[in-house]
Amino acid sequence: MISLENPYARAWSENHAPRQDLKPSEWAAENVYLTSSPLGAKYQAGGHCDEILDTLADPDVYESSAVGHTGMGKSAILESASCWIVAQAPGPTLVIGQTNPTTTDWMETRMKPAFKNCEATERLLPRGANRHKDRKDAIIFPSMQYLTGGANLTNTQEVSMRYTLGDEPWIWNHGIIGELLKRHHDRWNRKSLMVAQGGFEETEWHHHTKNGLGFDRGFVCCECGTEQIFQWSGVNYEKHRDGNDEWEWSKIFASVHYQCQHPECGKKFPDTAQGRHQLTEKSLYISRQNSHIPGRVTRYIPAMANPRIQLSSLVQEWLLAEDAWKNGDKEPRKQFVMKRLAQFWVEKPEVPKLETGSDPYLKAQFNNGEKWEKEHARLMKIDVQKVGFWVVIRAWSIDEKKSRLLWEGKVDTYQTLFDLQNRYGLEHRDVFIDGRYNVDEVVRQIYTHCGENIDQHWNILLGQDSAKGYQFEVGTPKRPRKVWKLYSKYQYGTTSRSQRYRTINFSNGRAKDALAGIIEIGDGMFGVPMDASQNYIVQMQSETKREVKPGTWRWEKIKSHYHNHMWDCEVMGIVACTIRGILKIELQDDGK
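Now for a description of the structure that goes with this document. (Residues numbered from 1 in each chain as written. Predicted model: local features only at pLDDT ≥ 70, side-chain atom pairs only at ≥ 80, totals over all residues. Heavy atoms only, no water.)

Here Lys191 is to be found in strand S6 (residues 191–196). For the buried Lys191, no salt bridge exists, and the shortest N-O distance to an oppositely charged side chain is 5.7 Å, to Asp58. A polar contact of 3.1 Å, which involves the side chain of Lys191, links it to the backbone oxygen of Thr55. Looking at Lys191, its side chain comes within polar contact range of the main-chain oxygen of Asp58, at 2.3 Å. In contact with Lys191, not counting residues within four places along its chain, are Thr55, Leu56, Asp58, Pro59, Val61, Tyr62, Arg162, Tyr163, Thr164 and His184. (Helix = DSSP H or I, 4+ residues; strand = E, 2+ residues; numbered from the N terminus. Buried < 20%, exposed > 50% of the residue type's maximum accessible area, 1.4 Å probe, protein only. Lys, Arg positive; Asp, Glu negative; His and termini not counted. Salt bridge = Lys/Arg side-chain N within 4 Å of Asp/Glu carboxyl O. Polar contact = N/O pair within 3.5 Å; in protein donor to acceptor, adjacent residues only side chain to side chain. Contact = heavy atoms within 4.5 Å.)

Put into structure tokens, the structure is as follows:
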């Protein structure tokens, strides 16, 4: 009998041992240690990740996708799947992440430690004379190659793969999913596994997932025994505001619960650790029975299905998104739908439609700068042209969240601008001017009109292609947090005449989204007078939001020759309102 003390005999025995008779999730629970797991070092079996992992050993499934909430364990799935593949069913594997740098960082900080902490894979890592096979973005194991890279055409070409794994394909460029699937070269034992949050409808990720047999995460009610999927309508709460119209979170949180959707049951599960455990104790996946491509499955996991997530935190996010929606900011609700509900967002092409009937008035009433009885602030916005300026003056009622257009049109000289400012009683801090054209002359005129102290100057704005906006640290020293605002902190510069000035950058796209949202709300929030000029009406409908590539939308002129100057003025007005605190438009920083 050959002794297994002999290293060659031991290696022969290990290499010829059959695969353990365990599902991938069961094997991971016994063998895989996760680097950054909030639940402890070891993979935790019995949750929503099990069925996703187990498709790797299902002969009837070739392509598996998981659309889940942030924090659902997407990295844990990829790390556990990788360890299982290397140790139990080796085959050439390609892992695609968002970019080359982020994928390399994941490889160094998450995947390689997972391989080293798993006994079954640690012994297979290259060492000694073969240590060069352990690279920053790849490992050449004795029985297979394990490659990683960013989502680009270069990384999805040439090499034939048995396994392909994808991280956050919702953000990949169009065509990459298709290129990745072609790496299988029609192998009979191919496996594709992709995990991500929800994304935008009609993108490649959306089409890939909806063409799979859908399974929604659900539960069996412990009271009535009804199987049902987790849905946002099951989260119930009471709305409470204080005398200052602020949310009373303590009262709201105390009322939060999940309710069984069966009409004859209605059992309430309190938002406590025990209540959420009882709610999710008998969780399962419920098939949509939809038309699908054979061999492809998709699982959907919203945040309500995760007992670690407090329902009250979701309610808070939703109510703040509601507030933002009323300010014209759709981004928080969009993020909630995609990141928390694991659903796909419908981004529609839109041209703002002005409403004049909800608050009928005439701008002629304010010809001499008269004050609107509900007014708290008025702002003047100036779009600089090669010849002349386009100007809009709008007044805001903070209490009622309404506004009125007081003056709009074109003027020829700076002196006319100064006279208009004086006529409408605007302080220098209430004037916002575009700084994209001939900033030296703009600054010279501001010095002439406002004096030497730049703190008392007009505000110079510069629109930028900044998708999220600009990061600010807010909160308290003990509880700091970061948010993304429409505008930046002051940026300082010097003209050719050695005159110092300061500008504020702003996110063009987000400001236009907010303006369109405010116009859509109606009810006087964006008041347009009955005697608004035809120029104003036409220019306010000169741009539309178009899908320039799948999942990427941009505001563009409907026709290249259309004038959009007063639209730009009103866009600057939204930025001005956020700077002055009239509107609150900001995103919570998600660390990405």
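Moving on from the coordinates now.
Turning our attention to the packing of aromatic side chains. Evaluated as defined, the whole model comprises 18 aromatic pairs. Look at Phe418 and Trp458: their rings are 5.7 Å apart centre to centre, the planes differ by 65°, and that puts the pair in the edge-to-face class. Highlighted residues: Phe418 in helix H13 (residues 414–423) and Trp458 in the loop between helix H14 (439–450) and strand S18 (459–464), separated in sequence by 40 residues. Taken together, a centroid distance of 5.6 Å and an interplanar angle of 65° make the contact between Phe472 and Tyr487 edge-to-face. In this pair, Phe472 sits in strand S19 (residues 470–475) while Tyr487 sits in the loop between strand S20 (480–485) and strand S21 (491–494), placing the two residues 15 residues apart along the sequence. A single burial state applies to Phe472 and to Tyr487, both of which are buried. When the ring centre of Phe215 is taken as reference, the NZ or CZ atom of Arg299 above it lies at 5.0 Å. Positioned above the aromatic ring of Tyr285 is the side chain of Arg299, whose terminal nitrogen or guanidinium carbon lies 5.1 Å from the ring centre. (Phe/Tyr/Trp six-rings, centres within 6.5 Å; stacked < 30°, edge-to-face > 60°. Lys NZ or Arg CZ within 6 Å of the ring centre and 35° of its normal.)

Right, let's get into helix H15 (residues 508–521). In a regular helix each residue adds 1.5 Å, so 14 residues correspond to 20 Å; H15 covers 20 Å between its end C-alpha atoms and thus fits that length. Counted residue by residue, H15 has eleven buried out of 14 residues, so it is predominantly covered. Positive phi shows up at Gly522, right after H15, with a value of about 70°. (Expected span 1.5 Å × (residues − 1).)

Of all ten residues making up helix H12 (residues 331–340), ten are buried, and the element is well covered by its neighbours. Taken together, the buried residues of H12 touch helix H11 (311–326) and strand S25 (586–588). Ala342 occupies a position one or two residues after H12 and carries a positive phi of about 55°.

Our next topic: the nonpolar core. Soluble globular proteins tend to pack their nonpolar side chains together in the buried interior. Ranked by size, the top nonpolar core spans 72 residues in total, and within it Val391 and Tyr536 carry the most contacts. In terms of residues, this core owes the most to one element, helix H17 (residues 565–580), which gives nine residues. Among residues more than four places away in sequence, those in contact with Tyr536 are Leu354, Val392, Arg394, Leu405, Glu408, Phe526, Val528, Met566 and Glu570. Counting 67 residues, the second-largest nonpolar core is a separate cluster that includes Leu56, Val61, Ile85 and Trp247. (Core = buried A, V, L, I, M, F, W, Y, C linked by side-chain atoms within 4.5 Å.)

Purely geometric stuff here, so don't read any function into it on its own.
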